Amino acid sequence: MLDNLKKYHIVLASNSPRRRELLGGLGIDFQVKVLPDVSENFPENLPVERVAEFIAKEKAEAYREAMQANELIITADTIVVVGSEVLGKPAGPDEARSMLQKLSGCSHQVITGVCLTTLQEQRCFSVTTHVTFKQLSQEEIDYYIATYQPFDKAGAYGIQEWIGYIGVTRLEGSYFNVMGLPVQRIYTELQTFQ
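What comes next concerns the included structure. (Residues numbered from 1 in each chain as written. Predicted model: local features only at pLDDT ≥ 70, side-chain atom pairs only at ≥ 80, totals over all residues. Heavy atoms only, no water.)

1. Regarding the nonpolar core
Grouped together as the largest cluster of nonpolar side chains are 41 residues, with contacts concentrated most on L5, L72, Y157 and L190. Looking at which element gives the most residues to this core, the answer is strand β3 (residues 71-82), with five residues. Counting residues in hydrophobic clusters, the runner-up holds seven residues, among them L46, V51, A52 and V81. (Core = buried A, V, L, I, M, F, W, Y, C linked by side-chain atoms within 4.5 Å. Buried < 20%, exposed > 50% of the residue type's maximum accessible area, 1.4 Å probe, protein only. Helix = DSSP H or I, 4+ residues; strand = E, 2+ residues; numbered from the N terminus.)

Set out below in structure tokens:
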């Protein structure tokens, strides 16, 4: 599978263990390379549905200068959108608590933007999944934050963790997208890479 990628040295530009696990599930060889201090800022007037893709593209541009001729860099960014508010990674327990309270008892969107970049070509796209949480008790929120410390996760939660087990009542779209990487779409895009 994906024999067309044999000429590429694939690089996942992410510290996320979940992204490493998900990309590894496609059965392709890749290396992880992470540049320090890559910006995750975006223009305030950018429509929320374009934020994750914008950040993924900015991350790709940060790698472009050091890219080798045979490298294919995969960059990604995941955001959670509730109403029109973008929730990134919480700075600490108080912000995580606030985020989970906003998600409690309602639906939100998880959007992951991805860029596949070589020196000759770049493909960027985003995938959206709709997630609904039950009404979470304060005790459940506090337990989750204390036990799992979800400070490296957009929206302050990992669907594959305890909060996902007890809290998610409905999911429309890709489960793996909520974990941080829409692997089905990535596989489809990589199949046609030249």
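2. Some thoughts on the side chain of T75
Tracing the sequence through the fold places T75 in strand β3. In this structure, T75 is in contact with A13, A56, K59, A60, Y63, G113, V114 and C115, ignoring residues within four places of it in sequence. (Contact = heavy atoms within 4.5 Å.)

3. A closer look at a nonpolar patch on the surface
On the surface, a nonpolar cluster with roughly 250 Å² of combined accessible area is contributed by L171, Y175 and F176. With respect to the helices, strands and loops of the structure, Y175 is situated in helix α6 (residues 175-179). Its relative accessible area of 32% is what places Y175 among the partly exposed residues. (Patch = residues over 30% accessible without salt bridge, like charges linked within 9 Å, V, L, I, M, F, W, Y side chains within 5 Å. Areas by Shrake-Rupley, 256 points an atom, 1.4 Å probe, with all protein chains shown as cover. Salt bridge = Lys/Arg side-chain N within 4 Å of Asp/Glu carboxyl O.)

4. Comments concerning helix α7 (residues 183-191)
Of all the residues in α7, the buried ones are V183, I186, E189 and L190. Considered in projection along α7, the buried side chains sweep an arc of 120° and stay on one side of the axis. Where the residues of α7 are buried, they touch α1 (17-24), β3, β5 (107-117), β6 (122-133) and α6. (Arc of directions from axis to C-beta.)

5. Notes on the environment of P43
Position of P43 among the secondary structure elements: in the loop between β2 (31-32) and α2 (48-64). For P43, a relative accessible area of 32% gives the class partly exposed. Linking P43 and T118, residues 75 residues apart in sequence, is a C-alpha distance of 25 Å.

6. Side note on the packing of aromatic side chains
In total, this model carries five aromatic pairs according to the counting rule given. Relative to W162, the ring of Y143 has its centre 4.7 Å away and its plane inclined at 70°; by these criteria the two rings are edge-to-face. Of this pair, Y143 sits in helix α4 (residues 138-148) while W162 sits in helix α5 (residues 162-167), and the two are 19 residues apart along the sequence. The ring of F125 carries R185 above its face, with NZ or CZ at 4.3 Å from the centroid. (Phe/Tyr/Trp six-rings, centres within 6.5 Å; stacked < 30°, edge-to-face > 60°. Lys NZ or Arg CZ within 6 Å of the ring centre and 35° of its normal.)

7. Topic: the packing of helix α3 (residues 93-103) against α4
Interaxial distance between α3 and α4 falls to 10 Å at its minimum, and their mutual angle equals 135°. Of the possible angle classes, the one that applies to α3 and α4 is oblique. For α3 against α4, the interelement crossing comes out right-handed. Judged by residue contacts, P93, A96, R97, L100 and Q101 of α3 engage Q138, I141, D142, Y144 and I145 from α4. (Axes fitted to C-alpha atoms, helices over the stretch in contact; angles between N-to-C directions. Parallel < 35°, antiparallel > 145°, perpendicular 65-115°, else oblique. Left-handed = near helix turned anticlockwise from the far one by under 90°.)

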